[in-house]
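Descriptive structure summary
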There are 4 protein chains.
Amino acid sequence: MESKYELQDTPIDKMTHECGVFGVWSPKPDSIFAFVYYGLYALQHRGQESSGISITLPEGRIVSKKGMGVVSDVFDELSMVKIVGKSAIGHVRYSTFGSSNVENAQPLEISSKYGQIALAHNGNLSNARLLKEALKDKGSIFQTNIDSEVILHLLTRSDTRHVENALHDALSQIEGGYALVVMTGDKLIGIRDPDGIRPLCMGKTDDGKYVLSSESCGLDAVGAEFIRDIEPGEMVRISEKGVTSKKFTEDTKKLPCSFEYIYFARPDSTMDGVDVYKVRHKSGQLLYDQHKVEADVVIGVPDSGTPAAIGFSEASGIPYGMGLIKNKYIGRTFIKPSQELRERAVGVKLNPLKPILEGKRVVVIDDSIVRGTTSRRLVTMLKEAGAKEVHFRVASPPVKWPCFLGIDTPTKNELIANHMSPKELGEWMGADSLEYLSIENLRTSLAGENYCFGCLTGAYPVKSPEELETAASCRLV
Amino acid sequence: MESKYELQDTPIDKMTHECGVFGVWSPKPDSIFAFVYYGLYALQHRGQESSGISITLPEGRIVSKKGMGVVSDVFDELSMVKIVGKSAIGHVRYSTFGSSNVENAQPLEISSKYGQIALAHNGNLSNARLLKEALKDKGSIFQTNIDSEVILHLLTRSDTRHVENALHDALSQIEGGYALVVMTGDKLIGIRDPDGIRPLCMGKTDDGKYVLSSESCGLDAVGAEFIRDIEPGEMVRISEKGVTSKKFTEDTKKLPCSFEYIYFARPDSTMDGVDVYKVRHKSGQLLYDQHKVEADVVIGVPDSGTPAAIGFSEASGIPYGMGLIKNKYIGRTFIKPSQELRERAVGVKLNPLKPILEGKRVVVIDDSIVRGTTSRRLVTMLKEAGAKEVHFRVASPPVKWPCFLGIDTPTKNELIANHMSPKELGEWMGADSLEYLSIENLRTSLAGENYCFGCLTGAYPVKSPEELETAASCRLV
Amino acid sequence: MESKYELQDTPIDKMTHECGVFGVWSPKPDSIFAFVYYGLYALQHRGQESSGISITLPEGRIVSKKGMGVVSDVFDELSMVKIVGKSAIGHVRYSTFGSSNVENAQPLEISSKYGQIALAHNGNLSNARLLKEALKDKGSIFQTNIDSEVILHLLTRSDTRHVENALHDALSQIEGGYALVVMTGDKLIGIRDPDGIRPLCMGKTDDGKYVLSSESCGLDAVGAEFIRDIEPGEMVRISEKGVTSKKFTEDTKKLPCSFEYIYFARPDSTMDGVDVYKVRHKSGQLLYDQHKVEADVVIGVPDSGTPAAIGFSEASGIPYGMGLIKNKYIGRTFIKPSQELRERAVGVKLNPLKPILEGKRVVVIDDSIVRGTTSRRLVTMLKEAGAKEVHFRVASPPVKWPCFLGIDTPTKNELIANHMSPKELGEWMGADSLEYLSIENLRTSLAGENYCFGCLTGAYPVKSPEELETAASCRLV
Amino acid sequence: MESKYELQDTPIDKMTHECGVFGVWSPKPDSIFAFVYYGLYALQHRGQESSGISITLPEGRIVSKKGMGVVSDVFDELSMVKIVGKSAIGHVRYSTFGSSNVENAQPLEISSKYGQIALAHNGNLSNARLLKEALKDKGSIFQTNIDSEVILHLLTRSDTRHVENALHDALSQIEGGYALVVMTGDKLIGIRDPDGIRPLCMGKTDDGKYVLSSESCGLDAVGAEFIRDIEPGEMVRISEKGVTSKKFTEDTKKLPCSFEYIYFARPDSTMDGVDVYKVRHKSGQLLYDQHKVEADVVIGVPDSGTPAAIGFSEASGIPYGMGLIKNKYIGRTFIKPSQELRERAVGVKLNPLKPILEGKRVVVIDDSIVRGTTSRRLVTMLKEAGAKEVHFRVASPPVKWPCFLGIDTPTKNELIANHMSPKELGEWMGADSLEYLSIENLRTSLAGENYCFGCLTGAYPVKSPEELETAASCRLV
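The model shown is predicted, which means the values in this text are computed figures rather than measured ones. (Residues numbered from 1 in each chain as written. Chains lettered and ligands numbered in written order. Predicted model: local features only at pLDDT ≥ 70, side-chain atom pairs only at ≥ 80, totals over all residues.)

Brief notes about the overall build of chain A
Just so we agree on the cut-off: In DSSP terms, a helix is any run of H or I states spanning at least four residues, a strand is any run of E spanning at least two, and both are numbered starting from the N terminus. Exposed residues have 12 or fewer other C-beta atoms within 10 Å of their own C-beta, buried residues have 20 or more, and residues in between are partly exposed; the C-beta atoms are placed from the backbone. Contacts are defined on C-beta atoms placed from the backbone: any two residues whose C-beta positions lie within 7 Å are in contact.
Along the backbone of chain A there are 17 helices and 21 strands. Principal axes of the C-alpha set define a box for chain A whose edges measure 70 × 50 × 50 Å. In chain A, which comprises 477 residues, the share counted as buried stands at 60%. Long-range contacts, defined here as pairs at least 24 residues apart, represent 72% of the contacts in chain A between residues at least 6 apart.

Okay, here's the thing in structure tokens:
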């Protein structure tokens, strides 16, 4: 009975973001360190473990500052934010369990035969391990656990004269889903994987700054106007010569991650022409059409379940209500309640709003179910708060497969949908009914078929690490 | 042109909380330090400047730990949270501009002829300055700027033998709106001002712990069941002899602060028998009845405008939507954008959701208007996001008077409602219409007349500090 | 077997300082915050637990900054050190075991009927407990454990109009050994106890600043010229009207603490006309005269044993050598070695210099012996380093009595000299001989009889707390 | 007139250490993290900027912890110090001006085809820049500015199967003065450059732990017995198979840095069979023999001038005295006095002891003179303290050449000895005479000729970086 209290929480019962990237290029030196600060601040939902910014000073030298924590904790001095430069990139990183330390913070900044290079990435290379072993065999050394280091090694092993060509060589060897922002002393480069799995878009301010951001909400935060999404397999170069674009492979498809729309992205972002809010709202409407139910109130699990709950309310005519209040004051260290207290005090982080629930037939909408444990506790909480009936609706199909393309998921075995039918799951949770959105309706919400549904269907756009390992086909160029 | 960037924001355009208090008494020693930690965490919206906890150890000694910041920042060590005791009180303090330092953190812990005493309070003594001067004349010294110190001086100057009687003497000399939790080596005391202006309620856990909390959401966070509100002018004592109650004055009224319901309290709290959420929801409904409007969507200013927006939507049949996304990642230090960036990038803290707004006639609901500057910026933001019309609705009457009973308000002159009619204000803001909830309808929402509406009507339940100063009638007992 | 390693060391085997005080008054506003910073830095040997500075700003308001740690740790920002003011006082506090926290840091700053007052003190009131009880009975509250708070309560309970008279009243009620610096909005006051037990001196800079300091080395650090020592029972007031002096009692003697010369003070200080270095050097010479010995080398226990070792070497003709090297890099947190490692690795903090010791007959000089444990370990260390003989010489008489006048001593029972004769002690330590300086020779070194030798003889200049408690005669004026 | 006060001091007027290294190998898992902690603590004089420890956990995995500051600041948690392992290495780094950040802290820990490797080094590679360029051309990337990274790149580019052979290959390509400790999952390796310029020795504890340390004082601190110095060009491997030794080159000489004896090393260290204290003491004696002088007192500049002062006193019969008191309380941040205060207050860091100096003819001994500015200020200080005559004696020959073998020196032009004869220098300083130790007498003190006297004579044992750059002969194997 070592410790009743613990510092970190048990594994969060959600799919989790991996990272957010941001970049800016300014036609003349400006206080763009602050610029990236606000951009990252808007992307903070994509990662809260570490934050970092690299900036090219007016004289061409790159300097970096990285640290553990959210943007506003790491960059807490005015002097820092006032730094002037020509170009800058930034990164926020998701807090995975286990080895979290500042060595793994990004951007990664190196010096090489191509001069200084800084790189930040969101995503996962599915052949990272194989490449790393091959590179080690060739004599490379690794100081971090991040894929960016693999990319930089590949890049600097190129024989070409120009860094873009070298980058091209590196990209031809990696597989997976990724968005990269790369900065050298005189240019900013944005890259998106051949399948367009991870998002990246470009914008421009009225004073001529070009901006790259994982999501369009990052552009809004700095007053940049959205220009377009980076295309799958595209490499965009921004420099004094303007913006140029090049495909680094012809073998491209457009299969953006559907879970960005279901859960990860901010509702005010638009990605590849599709509004995140609208997808969620539509999913809520379709959820009702799919499985009608009689009830007194519809509530959403904050924050990601809210748009679907509003949609459900509209389609059904059942009033929408705030049934759950989320505590928003999370500091750097939250000590989780002891088992004993947790059982008695369900409302530390999420509190049910009794006047909305008491004696009511409640429809509760969540964006997805992963392990199921949180949902189960939620149903208990709602019943204890007086709900007469609890109808659980999930605004996505069952999650049955792990992701290896930039999302941190539990193992296949930990995904509850592999063990229980919706009916069984609803009963286990104590809900009066439980229904998922069908894959067809998700496609309808997304208004298209061309998405990665890997975690929902097991059909991935690229080979999995396991397949690659078996093929053992990794050969460095 | 000193600094384009600043660490602190300009005065927040809101009425602001002053404090939250919490207390627990346990029939046997238990890890109640953690208990108060979670209780304060639930009351964090009442103050984020400083946090403090005092605990009576099993042997009867009181120790305290206070610091700047939110609860989870100040109490960041497991060893601390594991501290076992019989009784504990805690406090969170609002960040006022100007002198903020750890000396002013609460609880205030002293040693005296009555032994050790710890005291935490929410509220304001309207005769604090007069009492302080009178006490100084008698030889008292002051080491802080908080009213608690005045109360403790009055208490220890009493001639009575028992601390409760001394407390009675002290309370008979103070005026204002306040809720106090007081702890001695063997008891926990809860006190509410004679007019019941500031809230305080009591609950109990199933293992016999008694809990005091500014709001009922604090009880929920620790799994305590709500027993009742402390009555105006009541002093509740919890000790090994059980719970006893005493009125310290017969001259009581029940006039709780109406702004707790309008803005301060958490929507999941119930105070003096009235659900906060229901009041806000009802206000939204009445706002529509009062001034009908044709529109395509109703949005709320997060987070406090949301329940009224939902109510408005229900009454009007106009669909409810999430039109504004609030960034929830606020760290210890947020560097506000430079003027230039702020003008270009409106969406750093609050981003409009274009798909909801574009080409739409929008009703936007906020809980109140204080200075008006934020509201004006909001209207501009909505129009720039494509709203065809913006109808601003305020879920409370115009704020025209400052509060001196525990709320931090601007001066009368800074309150925009003293300078502009609703019509003028709407025009200045660029809104297509602007309407306030009438005072009658607020009363309807509150289902009663007996509230303090001081800031809305200028009719305060107690004498103002200015009136008291003129009367110059302060005499120590 | 809980913890092999501990954060804090076992009780240091030394008499220990309590505090150092410093003050400055400037004829015109100047950056005197920095001034006090350097003054305290020179007095840092008198206390390393906490540091604090109070300053009167040009407009007359007093502000303070206090914290745990040495001066250079607490005041680590340039902005702070640049603060300009008219007058300032500072304090360093010794780290006692047990309750050490920032509440007990000085100066203590209050507001009162006399306006703002800041006070810092070195020393102990022998009737503090009695006064505190009496004050509590009268209704006073205590927020700290420091004697300064007692003095301030006495002061503000006075009926006189002027703060100096009130201070006079307070001083007439306290007993003990103390040096005080007191600051109001327009003056700086220095006070020394009626017996002159604790030191305080005054200096002046060539641009007219007046300086008060516990030791003259504090004057040197800020370039002030020594004017004179404050007299026993004297109150010196420095203001725009110049320097005035007043005796607050006629019942004065001059009995400075002899241990300041033996161990506490810095060797470059001069107190009451006597050079500290000369006293120690002379004691070393007399030690040889008193007990001649044949040896090859004389070494001192750094740092306080060094001057006596040099004197011994001169008197005896035996060469002086550096036989022990002290590690000077002590950070904020030093983790002491486990018992096992400590036995094997004697040299973590103090390392013997073998080339000096091997095969030699060694005389080792320490300033005093308190518990004896450190000395014993030292003899073992020297023998293991190869010393053929170890002759231990103590440059003071046996410490047999506790001090209650500002020095932190073990209990009488813990003082080894109460249990063993010099011969027994030497044998227990494993030394080939052990001798103390005689009290007569100490008097010779000090060139006078008028000192407090309380801890050596049991004859104190004032009543002990025990005597006072028995008399129970504490009556507040 | 920007800032009167500054955080960092002007360049220290001393040659400066670069680093200290330490390693331990234990026959069975033990709390050796603490072990390295105490070892580094003893080597702290070799570097205070950053501290780091890498440890091989019982299961073979290497983990590291590094930070800015001294050992006791970086490793401030008991939990950390209790870490158990089989082998560990540590490093302290000197604070150079300019780019100091945690990226450059050591040990450097990597993963490679040889598994995990941690490396810490003291010294400088004279062909580091050339190797770095050549490695970059081959595709290597650099994440730090430290030479260790160059060595690790060379190592992992080797084609051999065993890490020792790879290390051998790497060592065959580097030039300069260095001592390395290298750790893999199952062994600890100690390496010293072919000329034995930088020191490294080995010891053993009575429970079988092997220890590597820059100086023997590190062995004393952990209770290890000195075995022997690592030989020039030697690679010592410690593992479960015992201790094996191999020369990685036959082209070796033994030319230890003479300045380690003059100034850098701790006086209680013995290096290559020569006691540091004895060298300094002898130099003091020879200084008198070389230039006799009549005087009343001999003082040393603390701490490094003290042993020579004692030697001078013995040789001359002139009494030795403590003439200068050094303030030993240096925290993390020391704010240096403004120019104005510095001129008036000479005694902030070093205070003259007037009773020793007044009216006396003083001989003052320093270990060396670099820029001369500090010495000049010292003479002024002594004269102002009343010295009638000041005879400056330097216990080393004039420093005329920069070092590129691990010591941070000013440029040739900044070395005062290149601009003034001893006579001129003495006059400029205001001394009544100034003499240096002759190079012949230094050789006598060192009892040998085989030392690196590069900074004194310009004759270096290896090619300088400039010579190497001209030859431009760097070819990777």
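Observations concerning the interface of chain A and chain D
The test is simple: The classification used treats Ala, Val, Leu, Ile, Met, Phe, Trp, Tyr, Cys and Pro as nonpolar, Asp, Glu, Lys and Arg as charged, and all other residues, Gly among them, as polar.
Listed by partner, the interface residues are 15 residues for chain A and 15 residues for chain D. Listing elements by their share of the side of chain A that touches chain D, those giving two or more residues are β5 (108-112), α4 (128-137) and α5 (147-156) of chain A. Residue classes in the side of chain A that touches chain D are distributed as 4 nonpolar, 7 polar and 4 charged.

Observations regarding the interface of chain A and chain B
Taken together, the contact between chain A and chain B spans 59 residues of the former and 59 residues of the latter. Contributions of two or more residues to the side of chain A that touches chain B are made by α1 (32-42), α2 (71-74), α3 (78-81), α7 (216-221), α9 (276-290), α10 (306-316), α11 (339-344) and α12 (354-357) of chain A. It is α1(A) that contributes the most residues to the side of chain A that touches chain B, 5 residues altogether. Residues that form the side of chain A that touches chain B fall into these classes: 32 nonpolar, 15 polar and 12 charged.

Structural notes on the sheet that holds strand β13 (residues 242-247) of chain B
All names here are of chain B. Put simply, the test is: What makes two strands pair is DSSP finding at least two bridges between them. Only the stretch in contact is used when fitting a helix axis, every axis being a line fitted to C-alpha atoms; angles between N-to-C directions are given from 0 to 180 degrees.
Sheet architecture is open: 6 strands sit in the order β5-β6-β7-β8-β12-β13, paired in antiparallel fashion. Each end of this open sheet is capped by a strand with a single partner; those strands are β5 (108-112) and β13. When strand polarity is set aside, the average angle formed by the axes of neighbouring strands in this sheet is 20°. One ladder, built from 9 bridges, connects strand β6 (residues 115-125) with strand β7 (residues 176-184); its direction is antiparallel. Bridged to His 121 within β7 is Leu 180.

Notes on the domain arrangement of chain A
All names here are of chain A. Rules: Throughout, the edges of the domains are those of an automatic or database domain assignment.
Domain boundaries in chain A define domain 1 (19-255) and domain 2 (276-448). Computed from C-alpha atoms alone, the centre-to-centre distance between domain 1 and domain 2 is 35 Å. At the interface, 12 residues of domain 1 touch 5 residues of domain 2. Of all the secondary-structure elements, those providing two or more residues to the side of domain 1 that touches domain 2 are β6 (115-125) and β7 (176-184). With 3 residues, the single largest contributor to the side of domain 1 that touches domain 2 is β6. Considered class by class, the residues forming the side of domain 1 that touches domain 2 number 2 nonpolar, 8 polar and 2 charged.

With respect to the relation of the copies chain A and chain B
Put simply, the rule reads: C-alpha atoms of residues with pLDDT of at least 70 in both copies form the basis for the least-squares superposition of the copies.
Of the transformation placing chain A onto chain B, the axial shift is 0.1 Å and the rotation is 180°, giving an RMSD of 0.1 Å. Here the symmetry operator amounts to a two-fold rotation axis. Interface overlap between copies: 100% of the residues of chain A at the interface are likewise at the interface in chain B, consistent with a symmetric, same-surface contact.

With respect to α1(A)
In an α-helix there are 3.6 residues to a turn, and that puts residues three or four apart on one side. Most of α1(A) is tucked away, with 11 of its 11 residues classed as buried. Looking at α1(A), one finds that the buried residues are Ile32(A), Phe33(A), Ala34(A), Phe35(A), Val36(A), Tyr37(A), Tyr38(A), Gly39(A), Leu40(A), Tyr41(A) and Ala42(A).

Observations regarding the sheet that holds strand β8 (residues 187-192) of chain C
All names here are of chain C. Strand order in the open sheet made by the 6 strands is β5-β6-β7-β8-β12-β13, with antiparallel pairing throughout. The two strands at the open ends of the sheet, each matched to only one other strand, are β5 (108-112) and β13 (242-247). Between one strand axis and the next, the sheet turns by 20° as a mean value, whatever way the strands run. Lying on the sheet, helix α5 (residues 147-156) is in contact with β5 and β6 (115-125); it crosses β6 at an angle near 130°.

Quick look at the nonpolar core
To keep it simple, the criterion reads: The nonpolar core is taken to be a set of buried Ala, Val, Leu, Ile, Met, Phe, Trp, Tyr and Cys residues joined by way of C-beta atoms within 7 Å.
Counting 145 residues, the largest nonpolar core has Val298(A), Val362(A), Val298(B), Val362(B), Val364(B) and Leu382(B) as its most contacted members. Setting aside chain neighbours within four positions, we find Val362(A) in contact with Ala295(A), Val297(A), Ile299(A), Gly323(A), Leu357(A), Leu382(A), Ala387(A), Glu389(A), Val390(A) and His391(A). Grouped together as the second largest cluster of nonpolar side chains are 140 residues, Val276(C), Val363(C), Val364(C) and Leu286(D) included.

Here we look at the pairing of strand β2 (residues 50-56) of chain C
One face of the sheet, then the other: side chains in a regular strand alternate in exactly this way. All names here are of chain C. Counting buried residues in β2 gives 7 out of 7 residues, a clear majority hidden from the surface. Neither face of β2 is open: one carries Ser 50, Gly 52, Ser 54 and Thr 56, the other Ser 51, Ile 53 and Ile 55, and all of them are buried. Pairing geometry for β2 and strand β3 (residues 62-68), over 7 bridges, is antiparallel. Looking at the pairing, Ile 55 lines up with Val 63 of β3. Between the antiparallel neighbours β2 and β3 lie 5 residues, among them Gly 60 with a positive phi of about 100°. Here β2 runs beside strand β4 (residues 85-93); their pairing, made up of 7 bridges, is antiparallel. In the strand pairing of β4, Gly 52 is matched with His 91.

Re the packing of helix α9 (residues 276-290) of chain D against helix α10 (residues 306-316) of chain D
All names here are of chain D. Rules: Our angle categories are set so that under 35 degrees counts as roughly parallel, over 145 as roughly antiparallel, 65 to 115 as roughly perpendicular, and the remainder as oblique. Here a crossing is called left-handed whenever its near helix is offset anticlockwise from the far helix by less than a right angle, and right-handed whenever the offset is clockwise.
Where α9 meets α10, the closest approach of the two axes is 7 Å, and the angle between their N-to-C directions is 45°. Looking at the two axes, α9 sits oblique to α10. Pair α9 / α10 crosses with right-handed handedness. Taken together, the residues of α10 that come into contact with α9 (itself represented by Tyr 277, Arg 280, His 281, Lys 282, Ser 283, Gly 284, Gln 285, Leu 287, Tyr 288 and Asp 289) are Pro 307, Ala 308, Ala 309, Ile 310, Gly 311, Phe 312, Glu 314, Ala 315 and Ser 316. The residue inventory of the contact of α9 with α10, partitioned by class, reads 9 nonpolar, 6 polar and 4 charged.

Comments concerning helix α14 (residues 422-429) of chain D
Residues and elements named next belong to chain D. To keep things clear, this is the line we draw: Relevant arc is that of directions from the helix axis to the C-beta atoms, nothing else.
Burial in α14 covers these residues: Leu 425, Gly 426 and Met 429. For α14, the buried positions fall inside an angular range of 100° around the axis, keeping them on one side. Relative to its buried face, α14 has exposed residues pointing more than 90 degrees away, namely Lys 423 and Glu 424. Where α14 is buried, its residues meet α13 (373-384), β20 (389-394) and β21 (433-436). One or two steps after α14, the chain reaches Gly 430, where phi turns positive at roughly 85°.

Observations concerning the arrangement of the chains
Chain A shows no contact with chain C. Their nearest C-alpha atoms sit 13 Å apart. In this assembly chain B lies apart from chain D, the nearest approach of their C-alpha atoms being 12 Å.

Brief notes about the confidence of the model for chain A
All names here are of chain A. Here is the rule: Residue-level confidence of the predictor is summarised by pLDDT, bounded by 0 at the bottom and 100 at the top.
Mean pLDDT over chain A works out to 91, with 92% of the residues at or above the 70 mark. Scored below 50 in pLDDT, residues 7-11 makes 5 contacts in the model with residues more than four places away or belonging to other chains. For this predicted complex, the interface confidence reaches an ipTM of 0.91, while the overall pTM sits at 0.91.

Re the packing of α5(A) against helix α6 (residues 163-171) of chain A
Residue and element names in this part refer to chain A. The N-to-C vectors of α5 and α6 enclose an angle of 120°; their axes lie 8 Å apart at closest approach. With respect to each other, α5 and α6 are oriented oblique. The element α5 and its partner α6 pack so that their crossing is right-handed. Counting all contacts with α5, which are made through Ile 151, Leu 154 and Leu 155, the residues of α6 involved are Ala 166, Leu 167, Asp 169 and Ala 170. Tallied by class, the residues present in the contact of α5 with α6 amount to 6 nonpolar, no polar and 1 charged.

Remarks on the environment of Leu119(D)
The topology assignment puts Leu119(D) in strand β6 (residues 115-125). Sequence-distant contacts of Leu119(D), that is, excluding residues within four places in its chain, are made with Pro107(D), Leu108(D), Ser148(D), Ile151(D), Leu152(D), Leu180(D) and Val182(D).

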